[in-house]
Amino acid sequence: MKEAGRQVYFQDVKLQMDAKLWGEEYNQHRPPKKVDFFQTYIIELKGAKGCPLYCVEHLIEGDYIKYNSNSGFVSDVNRLTPHAFSHFTFERSQHQLIIVDIQGVGDLYTDPQMHTVDQRDYGEANLGTKGMALFFSSHICNPICLAMGLTQFDLSSEELDRLQDRKWKLASSAATKIHPSQSEPVLASMRGKREDGGRGIEAGSETTVRDAFKQIGLAFVRNPPLRTGSGSLGYLPPGSPLESPGITMTHQHFMSVSEDGAGEDGEDGEMGEDDAIEETSSLGPESSERYMGPPHAAVCYSSSVQTEFTRERGEEKGEGASEKDSLKILGLIHWELAVYHELGRFSQDQVPDLASVRFHLETAAACTLPSALYTLARIYLQLPHDSFKDISVTESAESEKRGMEYLQQAAEAGHRAAMIELAKHLDTGSSAVREQNWENAAKWYSRALETPSGASDATDTSCQATESANPDYIITARLAEMFRSGGHRLEKDPNKAGELYTQSAEVAMEMMKGKLANKYYMLAEEAWSEVGDGGET
């Protein structure tokens with residue numbers, strides 16, 4: 001057995017103590033059941049050989065249950081709080097981390113795992129956005145999630161059908177008693193209307209936990225078709241040849257809950273008293289200022305792409321991670337889910353779920369993730385693509401147009417290979433753009449030169465091929481040629497052409513391309529010879 005380094009002990013204790021702080025943050029928002037993590041310690045035996053270290057915590061008595069794991073496992077034990085806590089940490093941290101591997105006795109937990117976007121600290125089991133993707137692959141918001149203002153992560157219809165079998169239960173008759181004279185806690189006003197269009201608890205109303213769960217009424221989210229009219233994200237055109245399930249845009253498609261707690265399909269929606277809404281000590285004295293969750297916009301960044309778009313367009317940015325960072329992280333998670341589905345990660349027979357691949361790929365593109373935009377551009381333009389090779393669309397003028405839109409979005413998002421390819425389309429006047437536009441081509445060639453090499457996806461052979469076939473000295477020389485001749489909306493400028501040819505020669509010389517460098521020096525002299533008095537031809 002490989003011996004763990006001394007630093008590992010401290011990392012484990014740090015992880016658990018950080019999780020404990022997140023538990024305290026969760027408890028401040030008055031959930032039905034409070035959570036806690038065991039205090040852990042490190043003991044060093046200074047008198048022993050090697051001064052060994054030991055991690056120590058108190059013995060946990062009772063039924064020990066692992067509720068979820070760091071790789072998407074969810075226990076068959078029907079608990080809501082552990083999964084709601086994990087979801088809470090993701091949104092409350094502005095998508096920077098999520099705490100999973102929740103296990104322990106009741107809601108006294110130990111030995112958790114934290115996934116962080118930067119994958120720094122917290123050991124080898126910190127899987128970053130891959131781990132976040134695995135959590136959301138098996139998570140449907142439960143009543144506690146929704147009561148606390150958390151939002152459903154966007155999943156495809158196929159994924160929701162798979163998760164439906166888990167049969168999340170709704171509260172029916174169970175209630176938290178917080179005072180001998182009060183049979184149910186009163187929730188102070190939460191949000192009247194959710195940012196994502198769903199129904200929240202009416203502002204100013206006094207609502208019991210039971211009533212709140214009935215109003216939320218979520219067993220699982222139905223996936224409506226993607227809208228293409230006003231109010232939609234607008235990243236898929238009507239009649240798009242890449243047909244994919246629509247993003248879960250709202251919480252309007254809930255399974256309703258009747259008075260007896262049964263869903264519309266007749267299944268019993270009752271939760272056990274132990275699970276749902278718990279004992280007297282969990283909430284404390286009644287207060288009109290207390291409620292299950294604070295206003296979502298003031299506390300968390302949403303797991304829903306549409307809600308984040310709404311926030312970015314309509315609200316000022318606060319301190320900390322920006323909304324664009326938040327959207328980028330959501331895009332990375334959706335990209336990882338697309339990869340997992342292509343590998344058949346969630347299928348018993350490891351059969352790829354191409355519908356879910358398309359869904360998450362396009363959702364990642366909606367988050368302006370450069371790799372997703374570039375991949376979709378190549379798919380629509382009928383070009384070879386290293387990622388998601390089984391995804392294709394029917395060749396048509398509309399597909400070509402959509403491909404160019406994706407290519408431009410990828411270029412604007414900083415994808416260097418996309419900048420080069422867009423510039424070449426505009427340079428040559430390909431069928432995708434219909435006419436040459438050297439003014440715009442020069443702009444994108446210049447931006448590609450300003451962008452560090454490798455800014456594209458280093459693992460994508462399509463990106464590597466594009467950048468390898470178009471080294472900086474070739475791009476600069478083409479820019480010089482365009483300015484020397486002018487035309488196609490680009491003003492002729494032989495002086496600038498001479499400067500660019502000289503730059504090309506210098507870069508070529510650095511790349512040990514001596515003959516080519518001499519050619520560029522000669523072309524620079526010819527260009528300058530065309531400059532008349534005053535720098536004009």
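Bear in mind the structure is a predicted one, so any value in this text is a computation, not a measurement.

Engineer: Sorry if this is basic, but what is going on with the overall build of the chain here?
Structural biologist: The number of helices and strands found in the chain is 18 helices and ten strands. Taken across its 537 residues, the chain has 53% of its residues classed as buried. Considering only residue pairs separated by 6 or more positions, the chain has 66% of its internal contacts joining residues 24 or more positions apart. Surface exposure of the chain reaches about 24700 Å², of which carbon and sulfur atoms provide 48%.

Engineer: Please clarify how helix 12 (residues 397-412) should be interpreted in this entry.
Structural biologist: Over its 16 residues, helix 12 runs 23 Å from end to end, which matches the ideal 22 Å to within 8%, given 1.5 Å per residue. Of all the residues in helix 12, the buried ones are Ser399, Arg402, Gly403, Met404, Tyr406, Leu407, Ala410 and Ala411. Against the buried residues of helix 12 lie helix 10 (354-366), helix 11 (370-380), helix 13 (416-428) and helix 14 (438-450). Note on helix 12: the residue one or two positions beyond its end, glycine 414, has a positive phi of about 100°.

Engineer: Any chance you could explain the layout of surface pockets here in plain terms?
Structural biologist: Unoccupied space between atoms shows up once a probe the size of one water molecule is rolled over them. Quantified by volume, the largest pocket comes out at close to 400 Å³. Along the walls of the largest pocket sit 21 residues, with Val8, Gln11, Asp12, Val13 and Asp111 positioned nearest its centre. Those elements that provide at least two residues to the lining of the largest pocket are helix 1 (6-27) and strand 3 (53-56). For the lining of the largest pocket, the leading source of residues is helix 1, giving six residues. Within the lining of the largest pocket, the residues separate by chemical class into nine nonpolar, seven polar and five charged. Around the second largest pocket, the lining comprises 13 residues; the ones closest to its centre are Gly72, Ser138, Arg162, Arg345 and Phe346.

Engineer: What is the right way to read the nonpolar core from this model?
Structural biologist: Soluble globular proteins tend to bury their nonpolar side chains together. With 56 residues, the main nonpolar core has Leu407 and Tyr520 as its most contacted residues. The residues contacting leucine 407, other than those within four sequence positions of it, are Tyr374, Ala377, Leu381, Ala418, Glu421, Leu422 and His425. Listed in part, the 24 residues of the second largest apolar core include Met132, Phe135, Phe153 and Leu327.

Engineer: Would you take a moment to explain the pairing of strand 8 (residues 113-116) for this structure?
Structural biologist: If a strand is regular, its side chains alternate between the two faces of the sheet. Of the two faces of strand 8, both are covered, the one formed by Gln113 and His115 as well as the one formed by Met114 and Thr116. Direction of pairing for strand 5 (residues 97-100) relative to strand 8: antiparallel, over a ladder of four bridges. Pairing of isoleucine 98 across the sheet is with histidine 115, part of strand 8.

Engineer: Would you mind showing me how to read the packing of aromatic side chains here?
Structural biologist: The relative placement of two aromatic rings is captured by the distance of their centres and the angle of their planes. With the rule as written, the count across this model stands at twelve aromatic pairs. Measuring from ring centre to ring centre gives 5.4 Å for tyrosine 26 and phenylalanine 88, while their planes differ by 75°; the resulting arrangement is edge-to-face. Here the residue tyrosine 26 occupies a position in helix 1, and phenylalanine 88 occupies one in helix 2 (residues 81-92), the gap between them amounting to 62 residues. Among the residues examined, tyrosine 26 registers a relative accessible area of 0% and is labelled buried. Between the aromatic rings of tyrosine 67 and tyrosine 109, the centroid separation amounts to 6.2 Å while the plane-to-plane angle is 70°, which identifies the pairing as edge-to-face. One end of the pair, tyrosine 67, is in the loop between strand 4 (64-66) and helix 2; the other, tyrosine 109, is in strand 7 (residues 108-109), and 42 residues separate them in sequence. Just as tyrosine 67 is buried, tyrosine 109 falls in that class too. Through a chain of ring-to-ring contacts, three or more aromatic side chains come together here, namely Tyr26, Phe37, Tyr67, Phe85, Phe88 and Tyr109. For the cation-ring pair, arginine 345 lies above tyrosine 340, with the distance from its terminal atom to the ring centre recorded as 6.0 Å. Residue placement shows arginine 478 over the ring face of tryptophan 438; its charged tip is 5.1 Å from the ring centre.

Engineer: Which parts of the structure should I look at to understand the sheet that holds strand 6 (residues 103-105)?
Structural biologist: Within a sheet, adjacent strands bond to each other through the backbone by hydrogen bonds, running parallel or antiparallel. Across the sheet, four strands lie side by side as 1-7-6-4; this open sheet has mixed pairing. Each of the sheet's edge strands pairs with one partner strand only, and the pair in question is strand 1 (36-37) and strand 4. When strand 1 meets strand 7, the two strands line up parallel, connected through two bridges. Its bridge partner lying in strand 7, phenylalanine 37 is registered against tyrosine 109.

Engineer: How should I be thinking about the state of the cysteines in this particular structure?
Structural biologist: Here a disulfide denotes one covalent bond, and it connects the sulfur atoms of two cysteines. Across all of its chains, the model carries zero disulfides by this definition. Lacking any disulfide linkage, cysteine 141 is separated from the closest cysteine sulfur, that of cysteine 145, by 4.3 Å. Of the residues examined, cysteine 141 reaches a relative accessible area of 0% and is grouped as buried.

Engineer: Teacher, can you tell me more about a nonpolar patch on the surface here?
Structural biologist: Taken together, the side chains of Tyr41, Ile43, Leu45, Tyr54 and Val56 define a hydrophobic patch exposed on the protein surface, amounting to about 430 Å² of accessible area. Secondary-structure assignment places tyrosine 54 in strand 3. Judged by relative accessible area, which is 44%, tyrosine 54 ranks as partly exposed.

Engineer: In this structure, what is going on with the pattern of salt bridges? I would like to understand it.
Structural biologist: Side chains that carry opposite charge are capable of pairing whenever their charged atoms lie near each other. Per the stated rule, a full pass over the model turns up 20 salt bridges. Between arginine 92 and glutamate 25 there is a salt bridge; the shortest N-O distance is 2.9 Å. Of the two residues, arginine 92 sits in helix 2 while glutamate 25 sits in helix 1, which places them 67 residues apart along the sequence. Given a relative accessible area of 27%, arginine 92 falls into the partly exposed group.

Engineer: Could you clarify how one ought to interpret the packing of helix 13 against helix 14 in this entry?
Structural biologist: Describing two packed helices takes the angle between their axes plus the distance from one axis to the other. In the contact formed by helix 13 and helix 14, the axes pass within 8 Å of each other and the chain directions differ by 160°. Here helix 14 runs roughly antiparallel to helix 13, going by the angle between their axes. Between helix 13 and helix 14 lies a crossing whose hand is left-handed. Across the interface between the two elements, Arg416, Met419, Ile420, Leu422, Ala423, Lys424, Leu426 and Asp427 of helix 13 pack against Trp438, Asn440, Ala441, Trp444, Tyr445, Arg447, Ala448 and Leu449 of helix 14. Of the residues in the contact of helix 13 with helix 14, the class split is eleven nonpolar, one polar and four charged.

Engineer: Before we go on, may I ask you to explain the side chain of serine 430 in this structure?
Structural biologist: Relative to the helices and strands, serine 430 resides in the loop between helix 13 and helix 14. For serine 430, a relative accessible area of 18% puts it in the buried group. At 2.6 Å, the side chain of serine 430 and the side chain of histidine 425 are in polar contact.

Engineer: I would appreciate a short explanation of the packing of helix 14 against helix 16 (residues 472-485) in the present structure.
Structural biologist: Where helix 14 contacts helix 16, the two axes come as close as 10 Å, and the packing angle between them is 150°. With respect to each other, helix 14 and helix 16 are oriented roughly antiparallel. For the element pair helix 14 and helix 16, the recorded crossing hand is left-handed. Across the interface between the two elements, Trp438, Ala441, Ala442, Tyr445, Ser446 and Leu449 of helix 14 pack against Asp472, Ile475, Thr476, Arg478, Leu479, Met482, Phe483 and Ser485 of helix 16. Tallied by class, residues from the contact of helix 14 with helix 16 come to nine nonpolar, three polar and two charged.

About the cut-offs
- Residues numbered from 1 in each chain as written.
- Predicted model: local features only at pLDDT ≥ 70, side-chain atom pairs only at ≥ 80, totals over all residues.
- Heavy atoms only, no water.
- Helix = DSSP H or I, 4+ residues; strand = E, 2+ residues; numbered from the N terminus.
- Buried < 20%, exposed > 50% of the residue type's maximum accessible area, 1.4 Å probe, protein only.
- Contact = heavy atoms within 4.5 Å.
- Areas by Shrake-Rupley, 256 points an atom, 1.4 Å probe, with all protein chains shown as cover.
- Expected span 1.5 Å × (residues − 1).
- 1 Å grid on protein atoms, 1.4 Å probe; cavity = no way out; pocket = protein on both sides within 12 Å on 5 of 7 lines; lining within 4 Å.
- Points joined across faces, edges and corners; volume = space filled by probe spheres on them.
- Nonpolar A, V, L, I, M, F, W, Y, C, P; charged D, E, K, R; others polar.
- Core = buried A, V, L, I, M, F, W, Y, C linked by side-chain atoms within 4.5 Å.
- Pairing = 2+ DSSP bridges.
- Phe/Tyr/Trp six-rings, centres within 6.5 Å; stacked < 30°, edge-to-face > 60°.
- Lys NZ or Arg CZ within 6 Å of the ring centre and 35° of its normal.
- Disulfide = S-S within 2.5 Å.
- Patch = residues over 30% accessible without salt bridge, like charges linked within 9 Å, V, L, I, M, F, W, Y side chains within 5 Å.
- Salt bridge = Lys/Arg side-chain N within 4 Å of Asp/Glu carboxyl O.
- Axes fitted to C-alpha atoms, helices over the stretch in contact; angles between N-to-C directions.
- Parallel < 35°, antiparallel > 145°, perpendicular 65-115°, else oblique.
- Left-handed = near helix turned anticlockwise from the far one by under 90°.
- Polar contact = N/O pair within 3.5 Å; in protein donor to acceptor, adjacent residues only side chain to side chain.

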